[in-house]
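Below, each chain spelled out in residue letters.
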Amino acid sequence: MATRREFIKGSAAAVALSVMGVPAFGAQGDTQADTWVKGVCRYCGTGCGVLIGVRDGRAVAIKGDPNNHNQGVLCQKGMLLVPVIYAKDRLVRPHIRKNGKSSPLEPVSWEEAMKFATDKFAQVLKEDGPNAVAYYGSGQALTEESYLANKIWKGGFKSNNVDGNPRLCMASAVGGYMSTFGKDEPMGTYDDLDNATCFFIIGSNTSEAHPVLFQRIAKRKQSSSEVRVIVADPRRTNTSRIADMHLSFKPGTDLALLNGMAHVIVRDEMDNYRFHGKYCTFQKGDDAVTFDDYKAFLQDYTPEKVAEITGLAADDIVKVAHTFAQSSATTSLWCMGINQRTRGVWANNLIHNLHLLTGHIGRPGATPLSLTGQPNACGGVRDVGALAHLLPAGRVIGNQQHRNEVEDYWGIPRGSIPDKMGLHTIALFEAMAEGKVKAVFIHCTNPAHTLPHLNKHTKGLQTAFVVQTEAFMSAETLKYADVAFPAAFWCETDGVYGCTERRYALTEQAIKPQGEARPCVNILMDFAKRLGIDEKFIPYKNAEDIWEEWRKFNEKGPYNFFGITRARLRKESGIKWPCPSETHPGTNLRYVRGKDPLVPANHPDPIFFYGKPNAKATVFLRPYAPPFETADAEYPFVLTTGRVIDQWHSATMTGTVPELQRAYPTNFVEINPEDAKKLGIRNGDKVELETRRDKMVLPAVVTDVCMPGLVFTPFFDKNLLVNKLLHDAVDAVSKEPEYKICATRVRKAS
Ligand SMILES: Nc1nc2c(c(=O)[nH]1)N[C@H]1C(S)=C(S)[C@@H](COP(=O)(O)OP(=O)(O)OC[C@H]3O[C@@H](n4cnc5c(=O)[nH]c(N)nc54)[C@H](O)[C@@H]3O)O[C@H]1N2
Ligand SMILES: Nc1nc2c(c(=O)[nH]1)N[C@H]1C(S)=C(S)[C@@H](COP(=O)(O)OP(=O)(O)OC[C@H]3O[C@@H](n4cnc5c(=O)[nH]c(N)nc54)[C@H](O)[C@@H]3O)O[C@H]1N2
Ligand code: SF4
Ligand SMILES: [Mo]
């Protein structure tokens with residue numbers, strides 16, 4: 001905690017700047033705070049450190065933590081986080097629906113709500129078995145919550161039906177790291193942003209989705225005329241403002257572009273043979289192949305052929321490949337434009353390929369760094385293994401040795417964890433609609449708003465018994481909840497978030513929960529114990545006890561963070577794993593001798609890819625494949641969906657803040673002036689989008705952000721649920737839906 005004297009005077013100018021999209025220093029709110037409590041911003045995967053000002057038991061102010069990676073800087077969402085706690089529509093009492101889905105949600109006591117929820121779960125477990133129950137979680141839940149839920153479901157109920165919104169988000173990145181390097185999570189960190197001389201930003205609107213990182217990139221760009229920024233995005237977003245080259249290509253053609261860049265790099269002998277000859281193997285599907293086979297494969301991706309597929313100029317493809325390869329240090333950054341695709345894992349593999357071919361890896365500023373969307377998708381869900389195919393710390397359900405290791409650690413008989421994977425998100429909601437999964441516990445996510453193909457998937461919520469933890473009454477999913485438990489929000493409880501760069505940081509409890517809200521670890525423990533889970537299996541008094549168990553779980557193995565104790569987290573503003581001892585400072589360059597404590601000091605090579613048994617990374621031969629739906633004569637436009645800086649997903653939080661809500665009050669459709677002119681559409685006109693799923697009328701924003709043939713909508717507005725328009729085709733490996741591309745008709749509405 002900091003004292004009042006350390007307080008930097010709040011500045012109206014800072015807030016004004018931040019509202020224009022410029023991250024800012026300074027504090028927001030009441031300047032009379034008498035204690036400052038350390039925490040992490042509730043929103044994005046940038047994971048900015050904050051200090052929360054408290055007076056008389058109330059949070060009254062916020063400022064950036066000068067000791068965390070963000071060095072005191074926050075964007076407008078972070079600056080305006082405190083009033084969200086006290087929003088009028090906070091859910092502050094337990095509710096149940098006594099007589100089925102059409103009866104009203106009524107406030108009841110905790111005892112009555114818990115009994116109602118657990119009676120139904122007990123009945124389903126007894127009559128239909130463990131595969132008929134599920135947990136659907138979130139990359140916004142605390143690490144302790146996700147670890148606990150995963151343990152209760154997989155080890156306690158013996159159900160692997162544990163999934164969550166990271167399936168909609170990071171699953172393809174996980175698949176990419178796992179297949180290329182053998183283990184999940186990036187090798188680089190934000191420090192690389194200060195050292196890169198080339199930024200390759202593909203499928204990430206960093207300026208709106210990770211504003212504080214964008215500011216750091218922009219600063220680096222300004223610091224040296226040598227620095228080049230390449231943005232590859234079919235939309236001319238705010239991010240491309242700082243780009244030396246903006247590649248606006250046909251949506252869904254990234255695989256061709258990335259193979260085309262590899263072709264040029266190899267053809268022009270800009271590859272680093274000493275690197276890939278030593279550290280890489282080449283693979284086509286499951287078969288080992290040679291570098292010469294790879295070269296032959298790349299013959300299909302000459303600049304001319306790739307130009308035809310992508311709509312780019314052949315010269316630009318050559319130029320971008322040369323810039324990538326010839327810089328002294330290239331960092332790639334990507335997000336949903338790459339992950340939310342039916343070939344998302346392949347696209348991830350192809351980005352890694354470029355780094356392995358050129359040796360832009362394992363040096364300051366040279367790294368493939370996947371940006372994580374949610375604040376705790378990395379630490380809470382990926383590391384904890386709270387997905388249907390995973391177990392903690394990079395283990396997988398399908399591996400008996402992995403299951404046994406987890407069973408031994410949890411002190412349950414071998415064979416307890418079922419050997420079959422659980423249901424991934426889309427399959428889970430289908431199984432709910434079919435009546436196969438009869439009861440679901442939904443935690444810290446709003447699927448009735450954010451799943452694709454909503455008309456199909458809300459049937460699952462309508463059919464299954466739904467228990468939900470929630471903090472805001474406006475959440476669309478509450479319309480389907482049979483039980484709603486009010487959750488302690490953000491600094492009303494304590495817990496760890498793990499952001500993009502393997503950094504774990506603690507939010508300490510600053511204030512009491514509003515009304516009758518409770519910390520979700522308490523809700524989960526109470527729920528599990530009433531369902532007969534042994535006290536000895538979950539013997540925790542609080543979140544700290546859970547953290548200690550999880551930390552010690554990782555005393556060995558590639559996710560070692562044994563040294564990140566709660567006491568250290570209270571003192572320090574985040575620590576990056578691997579971190580094997582309490583005196584270890586944390587790791588910037590993973591897999592690098594002398595930097596990563598898991599690489600033996602006497603290892604013969606400077607790089608050691610210890611994620612795979614053969615200690616090599618894999619360059620994959622992945623051919624171009626088109627997206628699931630492409631524009632055709634019937635549906636001639638491509639619709640893509642995504643974010644705006646001021647709103648967070650379903651806007652249950654940002655929508656309560658007038659300054660944010662005023663900036664973007666409703667969903668809209670962005671359309672190119674050329675297309676608009678042809679269709680007789682002017683700015684502000686009503687436009688109808690019609691896909692094979694549904695149709696919807698939205699106001700037009702005529703701008704050259706989208707290339708001709710492409711339209712974009714954000715998805716935050718619950719009054720215009722654009723996700724009804726989307727299909728739910730998933731990646732063959734990661735099962736992540738292709739939110740980014742579907743075919744649509746566009747016309748002026750009468
Ligand atoms: N303000 C705000 N910030 C957020 C969030 C939020 O809701 N609001 N959510 C957080 C979360 S969970 C996530 S996952 C991240 C998402 O962060 P981003 O992925 O950066 O954001 P999106 O707007 O979803 O999509 C990024 C870009 O992908 C582009 N794109 C579409 N199709 C293609 C394609 O075929 N190829 C390529 N290369 N690009 C394509 C779009 O034009 C868009 O500009 O943001 C995080 N940060
Ligand atoms: N069209 C379209 N749809 C998308 C995407 C896209 O790009 N396009 N992106 C997808 C991606 S990447 C993601 S990550 C998902 C996100 O999808 P969701 O996770 O469904 O979206 P959120 O609005 O963040 O939902 C979080 C919920 O948790 C509640 N909540 C807030 N704080 C707490 C708390 O402390 N405890 C509890 N228990 N609840 C709390 C919020 O009120 C809210 O209802 O959306 C996906 N949907
Ligand atoms: S960049 Fe992300 S983590 Fe940082 S203040 Fe903004 S929303 Fe919060
Ligand atoms: Mo996400």
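Source: prediction; values computed, not measured.

Peer 1: Residue-level account of the site of ligand 1, with values.
Peer 2: Neighbouring ligand 1 are 34 residues; Asp 233, Gly 252, Asp 254, Arg 643 and Gln 647 lie closest to it. Expressed as a share of its isolated accessible area of 910 Å², the protein-covered part of ligand 1 is 99%. Taken together, the residues that form the shell around ligand 1 break down as 14 nonpolar, 12 polar and 8 charged. Counting contributing residues per domain, the shell around ligand 1 is built from domain 3 (171–370) and domain 4 (637–748), each supplying no fewer than three.

Peer 1: Please give an account of the sheet that holds strand β4 (residues 58–64) that cites residues and values.
Peer 2: Taken together, the 4 strands give an open sheet; going across it, the order is β1-β4-β3-β2, and neighbouring strands pair in antiparallel fashion. Two strands bound the open sheet, and with one partner strand each, they are β1 (27–29) and β2 (35–40). Strand-to-strand twist in this sheet, taken as the mean axis angle between neighbours without regard to direction, amounts to 30 degrees. Pairing between β1 and β4: 3 bridges, direction antiparallel. Residue pairing in the sheet places Ala 27 in a bridge with Lys 63 of β4.

Peer 1: Please provide a residue-by-residue account of helix α13 (residues 314–326), values included.
Peer 2: Its 13 residues place the ends of α13 18 Å apart at the C-alpha level, agreeing with the 18 Å of an ideal helix rising 1.5 Å per residue. Of the positions making up α13, those classed as buried are Ala 314, Ile 317, Val 318, Val 320, Ala 321, Phe 324 and Ala 325. The buried residues of α13 occupy an angular sector of 165 degrees when projected down its axis, which confines them to one face. Opposite the buried face of α13, by more than 90 degrees, sit the exposed residues Asp 315 and Gln 326.

Peer 1: Talk me through the packing of aromatic side chains; I want residue IDs and the actual numbers.
Peer 2: Counted under the stated rule, the structure contains 40 aromatic pairs. Ring plane angle 65 degrees and centroid distance 5.5 Å describe the contact between Trp 550 and Phe 561, whose orientation is recorded as edge-to-face. Of this pair, Trp 550 sits in helix α22 (residues 543–553) while Phe 561 sits in the loop between α22 and α23 (566–571); the two residues are 11 residues apart in sequence, bridging distant segments of the chain. When its relative accessible area of 1% is taken as the criterion, Trp 550 is described as buried. Taking the relative accessible area as the measure of exposure, Phe 561 reaches 1% and is therefore buried. In this structure, Lys 63 is placed above the aromatic ring of Trp 36, and the distance from its NZ or CZ to the ring centre is 4.3 Å. For the cation-ring pair, Arg 343 lies above Trp 346, with the distance from its terminal atom to the ring centre recorded as 4.0 Å.

Peer 1: Describe unusual backbone geometry, and please don't skip the residues or the numbers.
Peer 2: Note that the residue after Trp 577, namely Pro 578, is joined by a cis bond; omega there is 0 degrees. Relative to the elements of secondary structure, Pro 578 occurs in the loop between β23 (575–576) and β24 (617–620). At His 453, a residue that is not glycine, the phi angle is positive and equals roughly 45 degrees. His 453 gets classed as buried once you look at its relative accessible area, which sits at 18%. Its identity is not glycine, yet Arg 502 carries a phi of approximately 60 degrees, on the positive side. Examined against the element boundaries, Arg 502 turns out to sit in the loop between β21 (495–498) and β22 (503–507). Residue Arg 502 is classed as buried on the basis of its relative accessible area, which comes to 1%.

Peer 1: Before we move on, can you summarise the side chain of Glu 688 with the specific residues and values?
Peer 2: Mapped onto the elements of the fold, Glu 688 is located in strand β27 (residues 686–690). Excluding anything up to four places from it in sequence, Glu 688 contacts Lys 695, Met 696, Val 697, Arg 745, Val 746, Arg 747 and Ala 749.

Peer 1: Give a detailed account of the nonpolar core, specifying residues and quantitative values.
Peer 2: Inside soluble globular proteins, nonpolar side chains tend to come together where they are buried. Phe 121, Trp 153, Phe 441 and Phe 485 are the most contacted members of the largest nonpolar core, which has 63 residues in total. When residues in this core are grouped by element, the largest group, 7 residues, is from helix α21 (residues 520–530). Setting aside its immediate chain neighbours within four residues, Phe 441 contacts Phe 121, Ala 134, Tyr 135, Tyr 136, Trp 153, Val 467, Thr 469, Phe 485, Ile 523, Leu 524 and Phe 527.

Peer 1: A description of the site of ligand 3 should follow, citing residues and the corresponding values.
Peer 2: Taken together, Cys 41, Tyr 43, Cys 44, Thr 46, Gly 47, Cys 48, Leu 74, Cys 75, Lys 77, Gly 78, Pro 211 and Val 212 make up all the residues around ligand 3. Elements with a contribution of two residues or more to the shell around ligand 3: α2 (76–79) and α8 (211–223). Taken together, the residues of the shell around ligand 3 break down into 8 nonpolar, 3 polar and 1 charged.

Peer 1: I'd like a description of helix α6 (residues 171–181), backed by residues and values.
Peer 2: Burial analysis of α6 places 10 of its 11 residues in the buried class, which makes it a mostly covered element. Those residues of α6 that fall on the buried side of the exposure criterion are Ala 171, Ser 172, Ala 173, Val 174, Gly 175, Gly 176, Tyr 177, Ser 179, Thr 180 and Phe 181. Considering only its buried residues, α6 is in contact with β14 (330–334), α14 (336–339), α15 (344–358), β15 (367–370), α16 (377–382) and β24.

Peer 1: Mind laying out the domain arrangement of the chain, listing which residues take part and the relevant values?
Peer 2: Along its sequence, the chain is carved into domain 1 (4–85), domain 2 (95–167 + 386–487 + 519–558), domain 3 (171–370) and domain 4 (637–748). Distance between the C-alpha centres of domain 1 and domain 2: 33 Å.

Peer 1: Tell me about the environment of Gly 515, and please be specific about residues and values.
Peer 2: Looking at where Gly 515 falls in the secondary structure, it is placed in the loop between β22 and α21. The exposure class of Gly 515 is exposed, given its relative accessible area of 63%. Residues Gly 515 and Ala 488, spaced 27 residues apart in sequence, show a C-alpha to C-alpha distance of 9.3 Å.

Peer 1: Lay out the packing of helix α9 (residues 254–267) against helix α11 (residues 291–298) with the relevant residues and their values.
Peer 2: Packing of α9 against α11 leaves a shortest axis separation of 9 Å and a crossing angle of 120 degrees. Judged by the inter-axis angle, α9 sits oblique to α11. For the element pair α9 and α11, the recorded crossing hand is left-handed. Contacts from Asn 259, Ala 262, His 263 and Val 266 in α9 reach Phe 291, Tyr 294, Lys 295, Phe 297 and Leu 298 in α11. Grouping the constituent residues of the contact of α9 with α11 by class yields 6 nonpolar, 2 polar and 1 charged.

Peer 1: Account for the confidence of the model for the chain, with residues named and values stated.
Peer 2: When pLDDT is averaged along the chain, the result is 95, and 96% of the positions lie at 70 or above. Per-residue pLDDT stays below 50 along residues 1–22; that stretch engages in 33 contacts with residues further than four places along the chain or on separate chains.

How each quantity is defined
Residues numbered from 1 in each chain as written. Chains lettered and ligands numbered in written order. Predicted model: local features only at pLDDT ≥ 70, side-chain atom pairs only at ≥ 80, totals over all residues. Heavy atoms only, no water. Near = heavy atom within 4 Å. Areas by Shrake-Rupley, 256 points an atom, 1.4 Å probe, with all protein chains shown as cover. Nonpolar A, V, L, I, M, F, W, Y, C, P; charged D, E, K, R; others polar. Domains from an automatic or database assignment. Pairing = 2+ DSSP bridges. Helix = DSSP H or I, 4+ residues; strand = E, 2+ residues; numbered from the N terminus. Axes fitted to C-alpha atoms, helices over the stretch in contact; angles between N-to-C directions. Expected span 1.5 Å × (residues − 1). Buried < 20%, exposed > 50% of the residue type's maximum accessible area, 1.4 Å probe, protein only. Arc of directions from axis to C-beta. Phe/Tyr/Trp six-rings, centres within 6.5 Å; stacked < 30°, edge-to-face > 60°. Lys NZ or Arg CZ within 6 Å of the ring centre and 35° of its normal. Contact = heavy atoms within 4.5 Å. Core = buried A, V, L, I, M, F, W, Y, C linked by side-chain atoms within 4.5 Å. Parallel < 35°, antiparallel > 145°, perpendicular 65-115°, else oblique. Left-handed = near helix turned anticlockwise from the far one by under 90°. pLDDT = per-residue confidence, 0-100.

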